[in-house]
Each structure stands twice: as structure tokens, then as C-alpha cells.
Amino acid sequence: MKDFNDIYYNSVECVRCSLCLDRCPAVRAAGTDKAPMYSSVYSALGSRFDLEMVTEEAFQCIDCYECESACPVNVPIADTMAYIRRLCKEKNTVPDGVESIVQKAENGENILGTPSKLPEGKAEIAVFLGYAGELDEEMQRAFDKICRAAGISYTFLTDTADSGYFLDRSGQSEGIQKAVETNVKAFERAQAKVIVTPCSYSFEAFRNYYPETYTYLHMSEFLSELLTEGKIKAAECMKPAAYHAAHMLTRKNDVKAPEELILWLSGQKAVQPERTGYRTSSSGLGGGLGLFYPELAAAVSERRARELAELGCGTVVTGCVFEKYALKEALREKEVEIIDITEYVAQAL
Amino acid sequence: MNKMIDVIVIGSGIAGVTAAKAAADEQVSVEIITKGAGATMMGSGALDILGAVPGEEKNTTVNDIKEGMELLLDKNPRHPYAVLKDSLENGIKALREVCRAGGMEFTGDGVTNAVIPNILGTFKNTAYIPSYNKYADAAKAAGKILVAGFRGHTEFYPEYACRSYNTYQRQFAPDADAVYIATTLELPSLADRERITNAELAAFFDTREGMEELAAALDDMKNIMGGIQGILIPPVLGYRKYAQNMELLYETLGIPVGEIAAGGHSVSAQRLAAALEKGLENKGLEAVNQAKAVEIRKTEEDVFCIVYEQQGKTKEAYARSVVLAAGGFIGGGITSYREDLFIPVINEPLGRITPEMVNKKAFPGGGQLFGKVGIRVYDDMAVAQGCFSGQIFACGDLIEGYDWVYERSGSGVAAASGYLAGKNAANMAKGSEH
């Protein structure tokens, strides 16, 4: 997390070109005239004194970083938004409706719904499901199928807390330490050595806040290893699929495994929309930040779903269960199915 | 040990892309390290060579580029064009080749400037115009031309623009003889919008419904007005499908529909940036994206190590030869700490900004002196100052002595210097291999 000095120093360069606003999915989904205060965002950035003026906008931000990659002068726009969210928390000026969701995360509840209870287990390979993964039983069954085929034992981690991503990015920086401790205890209970997660946001959190005593793998990397080592065997049997790149994998990290798996299993490059790779577009939920303004999130999700449906594949594959959860509704209306990379690999066995 | 690359180019704007292409044409391995958006995103999407010669009182508009060049060098013999004018043709050729591979075509002969009505209500004279401007050339315009804006579009007011086009067209194009007629369109899907931006319009026209509504609205207007010979609309015909959209409108309406030229940070600039990126990819030129070069140093083996930050990690790349094409103030190639100017990636001071360099009038005759700040280069574009003197190459907005804002010479100098820098860097890499 950047501090005020970083933000102050870097935002001096803002030339008010408004390219960030052109790209911002929240502005685009809501329409410029319906989100007029957005112009204040970069005014605030420029003046650096009225950060609280843009409280609402800061919580509408879903941290997709499209603004930053469009900025000609490298102003840390998304980080400024995150900084404002933290400031609001400190000064108790958080908008209505935000607090109750954040409270859930702090209490270790699932912010998306109520998952069914999973049995506790012990294994070297432990899966941190994340909010969306806990609810996604298809993905869990697919993973089970793969592990049986590979003859490896695993366990799903139980009684876990927020990975730290949502707490951090929604401004609750003091809650992170507690969440990390809870999760590390879960790792210890399971006697795990390798932590696999199907959630790209959790993966980003592991990279930033967790002890290095464990190996952290994204699900796609884990599956890719199984295939490379020959533990599971799959022929080129899959139909080519459209691919939605999760921005935490391609924009913030350099994880290309989902694309490689699609190429491997279908013999063809994944079909991708214009905005992909390091320029990929958000699914709307942004690891939970979209929950604060659900209508806005739905509009962003709708926009991305349209791009994906235009590709003309019946199935969209994504590398992250959270992204699947976010896009599912909008894609169902367009009669397009979305599956996680785990399910895609399981189907090929 | 990381792999060794012959030429690493820092920056992927017009200069960087041309340098990479020129180096690759010399059969060496090339890699671009780029942070992404830069000054290209802030331009108008056209390729200027020379639009005006700054004068003490008044700038001279350039129609014939060769004549303009003579006048410019007569007034300012140390202008980069004195060295670069012979590389201009090759540079533009290399650049256009990349653009074409990225799906963007330009028209223009490099001899005469086209005169394109712009979004501000004046005219832009520029050498190479993208295909979407080709039906808008005021020098060839005649008869009744419909200029259509959109209700709620705050960036273009057709009434004011037309008044100005009609009054000033002859100043820019002596033979121009057109009557510009303004109209404001209301599209059904946008009826409830009070305010709409370039970006939203462009995204709307990338969809089929958007184009259907536009075509229908233009057709209505054309029939009501009668005798219309051409249509101009603001540069919002889509981010991706602009070329198809223009042909589609021509087909449906039976008369040419052109886009007027954009101001800064426009949809057209983003089209050019996208075309450059795609062109590099299709030409097999590798680019490390989202990577900000932070330091260049020389290793014991006498090669260059470029340190860059990507996705929060610090990485290194090794090259036999380096081209700096990181841009000027916009783009991050040059930055300042208080009054001190420097090039951050090589930590090279460029002196200080003094009050004499800044004219309080925003657009004074003769230009702003600080606009000419940059690094000194030799005739082969090798850097001529600091610890890398004679060892690495620089091009584009980084080099000193020209003021692209006034001269409208940015793309020309960038392409010519990029070409020279890329070619010479490749030759240096070849020489150092043994």
C-alpha cells in the first residue's frame, strides 16, 4: 500500500487528460452524465487536498487498474483510490452499506453467501478456496476428479478467513494481520506445505502478505505441473474456448498457465477479446469491492460479458473462480457458459 | 545469465517503434521495453512532419513541406531536421509499415500537407492522414458539406465549428470552396443522455446498433438538407471498427463521410497506439509491456544492463546496444526535480529551467523555450553528453533543439531520428559481437 508521500509526489504529474475516465469501467458502465462526480477524482488527484470529496467514487472503484495502464504520466490512480478508502475508514466516513459487508469479512464470514461445511482434512497439498471457491461445488468436484486421476491426496482448507485482499483493498489494513494469522493456523492444522488457490485475488494476497515457509501456487500453475509431470494424461480433446483473463493473473502477476492449458488441451490458441492480457478488463466484482455498489458491478459485468459473448464460443474459460462467479449471471442471459480452468481440465480427463 | 539481445529500445511511441523496426531490418535481435501509454496517447493520431514555422510575431503555416523545411532551417540552422531530413522518408516508411501491420493505413505523399478541419473549429495541416480523415481534406472540399455533431457531446459544437470553417478555409487551403452546414444529431439510444464523451460515443459505434442508428440519422439529415456532397463527423467512429464503419457509411449514404481531426488525448490517438502495439506483434517485434526502465549500466563484459520494474518486480535485460526513446516531459523520458531537469533512466542532468525559458503567454510567437529542452546528440543520434556519450542512442522527444508543439513536427522528427538511431544501434551491436 502506498503512503501519502508517494501519492502526493506522483500525482503532481497529472495532466488532466482524462484518459483514465475514458477507460474506467465504472464510469463507462454508468455513463458520464450519471457519474458526474468522477471528474472530481482527478481534480482531487491534482489538488491532493480534497481526497475525502471523492469518498463515494473511491468505494465505487473496483481496483481493476485500467486507469493506471492508460495514464501517460504514471499517476497511481488506483492506489490513490485505495488510499482514500483507508483514510475514510480511519476517519469513519465510510459510505452507508459498506460497513456491513466489511464487517462480514472481518468476522471471517463469506461475503458472497453461505457455503456448505467442508470436512476437515490433512494433506501436504491444501486448497484455499476463497469466497467464490467455497460456493462453487462444480469446481470442487472437478478438482476432486483431477486429484483422484492423479492419485494425489489433498484437502480443502476449512475455517479460513479473508485472504487479506478484500480487507486490504477496502481500507481495513489493520484487519489483515488477524486474517493472515487465522489462515496460517488453518495451513498448520492441515499440515500443508503447498497452498493451491483457484482464486486470483487470494493468490495476489499470498504473494504480498504471507510467510514464505509455504509454497503458493495458483490452481492453473498446479494443474499445469500435473500435466507436465505426466501425473494426469489428457489428449487434445477439448473444443477451443474463449478465455477471460483475470486481471490479478495477467495485469498484476505474470501467470499465463490458463492460456497454456487451453492451448494444450484443445490444440488451439484460446479465443480472446480485444482487451486481454495485461490490458484485460474487469468482471465487475473486483474481488468483492463490487459488492458495495451492486448495480454498478452488474453493469460492468454486463459490459465484459457482451465482449466475451461476441467471440461466438459457447463456453468461456477463466482462470479464477471469483471472476467466474462475477460473470456467470450476465453470461447466462446470453446463453454462454462460463467454467473455471479446473473444470476445463477435469473435462479433458 | 539472461539472454543477450542485440538492440533494446526503451519506449514504444512513434520514435521507439520506428527504431525497433529499423534495427530489425538490419537483421539483429530487437526487444522493446515499454511502460505503455505515453505521448502517442495524447496526440491526434495523424503523422505531422512540419505544420508551421515559428516566427517572432506570427507562425508561418506550411503547405509545401520542402519549402517549409528550407524556411525552418534558414531560421534555425541547428534544428534536428538539418541532420534528419534525409532519413525522413525511410523513417516514415518503416513507421507506416508497422502501422499497416496493425491495421492502420495513412494517405499522404510527404510533399504537401493535407488540411483537415479539426474539432476546435480551425484547420490542422499535417503530412500523413489516417484513412478515416481522408474524406475530410479541406483542400479538396467543394459544395455543401454537412457537419454533424451529437446532442450532449461536450467536445464538439458543430455550429461554432462551421462558422469558423466557412470563414477561414481559404487561409489554409487557397482553392477551398465549400459551404459547411451544421447539424446536431439525436440518436434514439442516447436520447436520455445529457452529456456524453468521445469514449462513450466511440464504444457505441463499435456496436452494430450504434452504426445503424448513426446511418439512419445521417440519411434523414442528408435528405432533409438536399444537395449534400459530403459529411463530416467528430472523430468517434469507433475504437476498433472505424475503417469498416466509414466504408459502411459511404455505401449506405452514397456520399463520403469523413472524420474531422481530433485535438489531444483523443479516440484517434488511442487507435494509433493500438495499431502500433498490434503492428509490433504482427511484425514479430518483441515488446516487454508494463515495464518501466529505471536504470542503464555497463557490465564488466562491456554490455548494457537495463534494469526495469514490471508488476512490482525488478528485472534485468542485457543488450549490446541501447536506443532511448522514452519521450519528453509527457511520456516520462524527461522529468524535473524543482528547477533541475534530468533524464531519470540514465540519471543525466539537462540543466535548469529558468524564468527566461517560460513565457507567461501560453502560445507566444516563437514558441516556449523550455519546449526545446532535451539531450544533445551527434549526427548519428548517439548521445553526446554524460557518461554514456557516444555509447547509446537517443531519439524522439528526448533530443534537444526542436519544439514540436509549435512546429507540429513531432512525428516527423520522431520517425526520422528513430530510424537513424535504430539503424546505427543495430550496426553498433553487429560490430561489438566480435
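Being a predicted model, the structure only gives us computed values, none of them experimental. (Residues numbered from 1 in each chain as written. Chains lettered and ligands numbered in written order. Predicted model: local features only at pLDDT ≥ 70, side-chain atom pairs only at ≥ 80, totals over all residues. Heavy atoms only, no water.)

## Comments concerning the side chain of Ser202(A)
Residues and elements named next belong to chain A. For Ser202, the position within the fold is in helix H13 (residues 200–209). Taking the relative accessible area as the measure of exposure, Ser202 reaches 2% and is therefore buried. Sequence-distant contacts of Ser202, defined by excluding residues within four places in its chain, comprise Phe128, Gly130, Ser163 and Thr197. (Helix = DSSP H or I, 4+ residues; strand = E, 2+ residues; numbered from the N terminus. Buried < 20%, exposed > 50% of the residue type's maximum accessible area, 1.4 Å probe, protein only. Contact = heavy atoms within 4.5 Å.)

## Regarding the interface of chain A and chain B
Buried accessible area, meaning the area lost when the parts come together, often serves as the stated size of an interface. On the chain B side, the residues contacting the 28 residues of chain A number 25 residues. Between Arg279(A) and Glu277(B) there is a salt bridge whose closest N-O contact spans 3.5 Å. At the boundary of chain A and chain B, one finds 9 residue pairs in polar contact (both at pLDDT 80 or more). Those elements that provide at least two residues to the side of chain A that touches chain B are helix H2 (19–23) and helix H6 (66–70) of chain A. The biggest single contributor to the side of chain A that touches chain B is H2(A), with 3 residues. (Salt bridge = Lys/Arg side-chain N within 4 Å of Asp/Glu carboxyl O. Polar contact = N/O pair within 3.5 Å; in protein donor to acceptor, adjacent residues only side chain to side chain.)

## Some remarks on the sheet that holds strand E11 (residues 228–233) of chain B
Sheet strands associate in pairs through backbone hydrogen bonding, adopting either a parallel or an antiparallel arrangement. Residue and element names in this part refer to chain B. The strand order across the open sheet formed by 4 strands is E10-E9-E11-E12, and the pairing between neighbours is parallel. The outermost strands of the open sheet, each flanked by one partner alone, are strand E10 (177–185) and strand E12 (257–259). Averaged over all adjacent pairs, the angle separating strand axes in this sheet is 30°, with direction ignored. Across 9 bridges, the pairing between strand E9 (residues 142–150) and E10 is parallel. (Pairing = 2+ DSSP bridges. Axes fitted to C-alpha atoms, helices over the stretch in contact; angles between N-to-C directions.)

## Side note on the packing of helix H4 (residues 88–101) of chain B against helix H9 (residues 267–282) of chain B
All names here are of chain B. Running from amino to carboxyl end, H4 crosses H9 at an angle of 90°, the nearest separation of the two axes being 6 Å. Regarding the angle of H4 to H9, the classification is roughly perpendicular. Two secondary-structure elements touch here, H4 through Leu95, Val98, Cys99 and Ala101 and H9 through Leu272, Ala275, Leu276, Gly279, Leu280 and Asn282. (Parallel < 35°, antiparallel > 145°, perpendicular 65-115°, else oblique.)

## A few points about the environment of Met246(B)
Residue and element names in this part refer to chain B. Of note, Met246 is situated in helix H8 (residues 242–253). Linking Met246 and Val294, residues 48 residues apart in sequence, is a C-alpha distance of 42 Å. Every residue in contact with Met246, bar those within four places of it in the chain, is listed here: Ser131, Tyr132, Lys134, Tyr135, Leu237 and Val257.

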